[in-house]
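Fold and contact review
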Amino acid sequence: AQKITQTQPGMFVQEKEAVTLDCTYDTSDQSYGLFWYKQPSSGEMIFLIYQGSYDEQNATEGRYSLNFQKARKSANLVISASQLGDSAMYFCAMREGVRQAGTALIFGKGTTLSVSS
Amino acid sequence: DVKVTQSSRYLVKRTGEKVFLECVQDMDHENMFWYRQDPGLGLRLIYFSYDVKMKEKGDIPEGYSVSREKKERFSLILESASTNQTSMYLCASSLWDSSYEQYFGPGTRLTVT
């Protein structure tokens with residue numbers, strides 16, 4: 001079974017609109033972390049936002065917010081007021097277990113977001 | 001600013017060649033990672049290292065090995081390159097505490113012919 005599921009291969013949105021990118025996860029750990037990364041066509045991976053499993057408030061970073069619904073095991077990324085520069089691939093990722101050395105991230109397959117003017 | 005650099009952006013090698021991909025980070029991070037990215041498959045972990053000379057297999061270690069002789073450098077080695085290893089390879093590093101984000105290099109697009 002996939003640990004991270006991103007069900008939307010592609011999303012299309014107009015400039016200035018809000019968009020939600022879906023992510024569901026599967027873990028039996030009580031302590032875990034959820035990350036979103038952006039990958040523009042240039043290829044570099046850019047960290048956007050982080051949510052810890054014990055964080056009570058949804059994480060926000062500028063125009064990005066993470067809609068964390070623990071019971072549903074979902075961690076959707078919301079981008080408000082989309083810009084042309086938001087066109088990219090977006091990856092959801094999870095770190096399982098308690099804080100420890102060398103824990104790698106598990107990535108979803110990604111969602112391609114296209115923003116048009 | 002954290003900087004993770006990779007030795008090449010693009011590389012073309014022949015089947016059977018030994019290939020070295022180098023990754024260097026300048027922020028004294030304990031953890032370093034090698035991922036492979038293929039269309040429709042996302043990023044898959046090949047190997048990671050949490051200390052000098054320490055390494056752990058990821059999800060797809062077959063056909064690869066790694067070396068970490070110095071804290072700042074993590075090398076991925078393809079002992080005998082094959083066409084199914086044509087891919088984008090991404091290196092990343094992070095602090096010991098894995099609650100912190102991973103910082104990625106620009107990637108190496110490897111083509112094996």
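Above this text sits the structure in question.
1. Brief notes about the interface of chain A and chain B
Taken together, the 20 residues of chain A in the interface contact 22 residues of chain B. In this assembly, chain A and chain B are joined by 0 salt bridges. Linking chain A to chain B there are 4 residue pairs in polar contact (both at pLDDT 80 or more). Elements supplying a minimum of two residues to the side of chain A that touches chain B: strand S5 (32–39), strand S6 (46–52) and strand S10 (88–96) of chain A. The leading source of residues in the side of chain A that touches chain B is S5(A), at 3 residues. Split into classes, the residues belonging to the side of chain A that touches chain B amount to 10 nonpolar, 7 polar and 3 charged.

2. Some points on the state of the cysteines
All names here are of chain B. All told, the structure shown has 2 disulfides over all chains when counted by the stated rule. Shown here is the disulfide that connects cysteine 23 with cysteine 91, its sulfur atoms set 1.8 Å apart. Disulfide cysteine 23 to cysteine 91: torsion about the S-S bond roughly -80°, handedness left-handed. Residue cysteine 23 is located in strand S3 (residues 19–25), and its partner cysteine 91 is located in strand S9 (residues 87–94); the two are separated by 68 residues in the primary sequence.

Conventions used here
Residues numbered from 1 in each chain as written. Chains lettered and ligands numbered in written order. Predicted model: local features only at pLDDT ≥ 70, side-chain atom pairs only at ≥ 80, totals over all residues. Heavy atoms only, no water. Contact = heavy atoms within 4.5 Å. Salt bridge = Lys/Arg side-chain N within 4 Å of Asp/Glu carboxyl O. Polar contact = N/O pair within 3.5 Å; in protein donor to acceptor, adjacent residues only side chain to side chain. Helix = DSSP H or I, 4+ residues; strand = E, 2+ residues; numbered from the N terminus. Nonpolar A, V, L, I, M, F, W, Y, C, P; charged D, E, K, R; others polar. Disulfide = S-S within 2.5 Å.

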